[in-house]
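# A look at the structure
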Amino acid sequence: MAREKDADAPVRGKPAHHPGTEAKGPTRAVVIVPVLTRQPRGDDDNNRPRLTRSADARHDEAVGLARAINLDLIHTAVVTVNDPRPATLLGSGKVAEFAEIVKEGHAEVVIVDHPLTPVQQRNLEKELNAKVLDRTGLILEIFGERARTKEGTLQVELAHLNYQKGRLVRSWTHLERQRGGAGFLGGPGETQIESDRRVLQDKIIKLKHELETVRRTRDLHRAKRKKVPFPVVAIVGYTNAGKSTLFNRLTGAGVLAQDMLFATLDPTLRRVRLPHGTPVILSDTVGFISDLPTHLIAAFRATLEEVVEADLVIHLRDISDPDTAAQAEDVERILADLGVDAGDAKRVIEVWNKIDRLDEGNRNRLLADGADASKAPPVAVSAVTGEGIDALKAIIETRMAGELDDLTVTVEPAQFGLVDWLYRNGDVVSRTDNDDGSATISLKATQIAREEIESRLRAKTKG
């Protein structure tokens, strides 16, 4: 059974146009969201079933992915698949129905929000007479458009080549019409396919070497940061959870932040000073998504190493999304693949974003439901309005530099160069200027700042 939506559903108010009546616009596309009735089991030690998303949520995400590369969606449909067909995934009746929709709507691309085998992709392209992209191919298209740095471009290209390598049978179907000469045992076209595979493999090896250079460069940068040292705080989360908006709120940076899936792809690092003077490096990373292909994770490992090496990880969730629990599970699975335990309360802070979209009743209920005695409570924030940001900064600083201590120090006249440093790295409560020219300062400082203050005072005294 299919639950279909017109083009006006995902792209409301957009007038239809037909080839030849105006200048060529965005590529016309159809989005198909297959919903398999047999849900896959989990892949953890307990073989627990994965949280399933609603059909509406899957549909909206597929539409969001398609719109991220400016496709003109003329038709979208959610299709229940009871018996997946090895040749086309969908039944023959549905394939014929979509072929008619593609023909009537002059669609050039069909998006199938599900992994397709090379054979399924080839067969669907023949039946639908249009280019077919599965979920992996669509994500790769988005990544290719979003990459801005050399590193990002290399990573996308590597992932794309690995994806293409298993689909050469589709790329070279025209060779079936050629005849091989005597002695060619593999049949028509085999020599060209094997040659193309070698070309792809050579490119893959070259890209891996270039990315290894990128990895070594990142290692050098990390080594320099550790000598300073500045702790690193990485923001991770499902795509469109608001990572870049939070990053901008915490750092004052101007990173692109839009209500769009994968609005940013390349990692960004900024130095930020927390309320009591603790300096940290904040890292904004690529968003995660469900069913992220393993070769994509492998290709982006150079970027994701910023998460692996981070001293603290902020797991940002869009708490206003009905599927926030399933999204959180997907993020935790990818973190586990990277060797980061999302349940480690000392290293991971769970932050619930977009609370400004909730009414007070839902907000209080969610916070009460999220309270777990076995781990630290989530931090509720709105990266847009700034609500909860001060509390988040305080928690980050406590994790990085320890609890605040009350401290009273006397700064001698010869040490007055330290006074400005005290104001910048502590919360000064009071200051008394003494008759002998010294100053007694009471302040609140983190444990790390206290050790630094005591060290600086001793050094000045000895000098």
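How each quantity is defined
- Residues numbered from 1 in each chain as written.
- Predicted model: local features only at pLDDT ≥ 70, side-chain atom pairs only at ≥ 80, totals over all residues.
- Heavy atoms only, no water.
- Helix = DSSP H or I, 4+ residues; strand = E, 2+ residues; numbered from the N terminus.
- Buried < 20%, exposed > 50% of the residue type's maximum accessible area, 1.4 Å probe, protein only.
- Contact = heavy atoms within 4.5 Å.
- Areas by Shrake-Rupley, 256 points an atom, 1.4 Å probe, with all protein chains shown as cover.
- Salt bridge = Lys/Arg side-chain N within 4 Å of Asp/Glu carboxyl O.
- pLDDT = per-residue confidence, 0-100.
- Axes fitted to C-alpha atoms, helices over the stretch in contact; angles between N-to-C directions.
- Parallel < 35°, antiparallel > 145°, perpendicular 65-115°, else oblique.
- Left-handed = near helix turned anticlockwise from the far one by under 90°.
- Nonpolar A, V, L, I, M, F, W, Y, C, P; charged D, E, K, R; others polar.
- Pairing = 2+ DSSP bridges.
- Polar contact = N/O pair within 3.5 Å; in protein donor to acceptor, adjacent residues only side chain to side chain.
- Expected span 1.5 Å × (residues − 1).

### Re the overall build of the chain
What the chain contains, in helices and strands, is 15 helices and 14 strands. Counting over 463 residues, the chain shows a buried share of 47%. Restricting to contacts in the chain with at least 6 residues of sequence separation, those with at least 24 account for 72%. Of the roughly 23500 Å² of accessible surface on the chain, 49% is carried by carbon and sulfur atoms.

### As for the pattern of salt bridges
A complete count under the given rule lists 13 salt bridges for this structure. Notably, a salt bridge pairs K354 with D318, separated by 3.4 Å at the nearest N-O pair. Separated by 36 residues along the polypeptide, K354 in the loop between β10 (348-353) and α12 (360-370) and D318 in strand β9 (residues 312-318) bring together distant segments of the chain. Looking at K354, the relative accessible area reads 11%, which means it is buried. Under the relative-accessibility criterion, D318 is labelled buried at 8%. With its nearest N and O atoms 2.9 Å apart, the salt bridge here joins R456 to E452. Of this pair, R456 and E452 both sit in helix α15 (residues 447-462), separated by four residues, roughly a single helical turn. Residue classification places E452 among the partly exposed residues on the basis of a relative accessible area of 33%. It is possible to trace a salt-bridge network through shared partners that takes in R58, E61, D113 and R135.

### Description of the confidence of the model for the chain
Of the residues in the chain, 77% reach a pLDDT of 70 or more, and the chain-wide mean stands at 78. pLDDT under 50 marks residues 6-23. Its contacts with residues more than four places away, or in other chains, come to 17 contacts. Note that residues 169-190 has pLDDT below 50 and, in this model, 16 contacts with residues that lie over four places away or in other chains.

### Some details on the packing of helix α1 (residues 55-67) against helix α4 (residues 135-146)
For the pair α1 and α4, the least separation of the axes is 9 Å and the interaxial angle reads 40°. On the basis of the axis angle, α1 is oblique to α4. Where α1 crosses over α4, the two elements pack in a sense that is left-handed. For the pair α1 and α4, the contacting residues are E61, L65 and A66 in the first and R135, L138 and I142 in the second. In the contact of α1 with α4, the residues fall into four nonpolar, no polar and two charged.

### Examining the sheet that holds strand β13 (residues 427-433)
Ordered by their spatial adjacency, three strands build an open sheet running β12-β14-β13, and the pairing between neighbours is antiparallel. Since the sheet does not close on itself, it has two edges, and those belong to β12 (404-411) and β13, each with one partner. With strand direction ignored, the average angle separating the axes of adjacent strands in the sheet is 15°. Here eight bridges tie β12 to strand β14 (residues 439-446), and the two strands are oriented antiparallel to one another.

### What to know about the sheet that holds β9
Within the open sheet, the six strands sit side by side as β7-β8-β6-β9-β10-β11. Their pairing is mixed. If you trace the sheet from one side to the other, it starts and ends with β7 (268-273) and β11 (379-380), each paired once. The sheet contact formed by β9 and β10 spans six bridges and is parallel. Residue pairing across strands places R317 opposite W352, the latter belonging to β10. Docked against the sheet, helix α8 (residues 243-251) engages β6 (232-237), β7, β8 (279-284) and β9, running at close to 160° with respect to β8. Along the sheet, helix α11 (residues 324-337) makes contact with β6 and β9, crossing β9 at roughly 155°.

### What to know about the environment of P279
Locating P279 in the fold gives a position in strand β8. Residues P279 and M400, spaced 121 residues apart in sequence, show a C-alpha to C-alpha distance of 9.4 Å. If we skip the residues at most four places from it in the chain, P279 touches F230, P231, R271, V272 and R273.

### Details of the side chain of K354
From its side chain, K354 meets the backbone oxygen of N240 in a polar contact 2.8 Å long. Among residues more than four places away in sequence, those in contact with K354 are N240, A241, G242, D318, I319, S320, V381 and S382.

### Here we look at the pairing of β14
The sheet contact formed by β13 and β14 spans six bridges and is antiparallel. The residue of β14 that forms the bridge with D427 is K444. Two successive antiparallel strands, β13 and β14, enclose a turn made up of five residues, where G437 displays a positive phi of approximately 95°.

### Regarding α4
Between the first and last C-alpha of α4 there are 17 Å, a value that for 12 residues agrees with the 16 Å anticipated at 1.5 Å per step. For α4, the buried fraction is high: nine of the 12 residues fall into the buried class. Residues of α4 that are buried: R135, T136, G137, L138, I139, L140, I142, F143 and R146.

### Focus: unusual backbone geometry
In this structure, L89 takes a positive phi of about 70° despite not being glycine. Note that L89 resides in the loop between β3 (72-81) and α2 (92-105). Taking the relative accessible area as the measure of exposure, L89 reaches 3% and is therefore buried. The backbone of N240 sits at a positive phi, close to 70°, despite the residue not being glycine. Take N240: it is sitting in the loop between β6 and α8. Residue class for N240 comes out partly exposed when judged on its relative accessible area of 21%.

### Things to note about the side chain of H276
Position of H276 relative to the elements: it lies in the loop between β7 and β8. Overall, H276 belongs to the buried group, its relative accessible area being 15%. Ignoring anything within four residues of it in the chain, the contact list for H276 reads E397, L404, R424, N425, G426, D427, K444 and T446.

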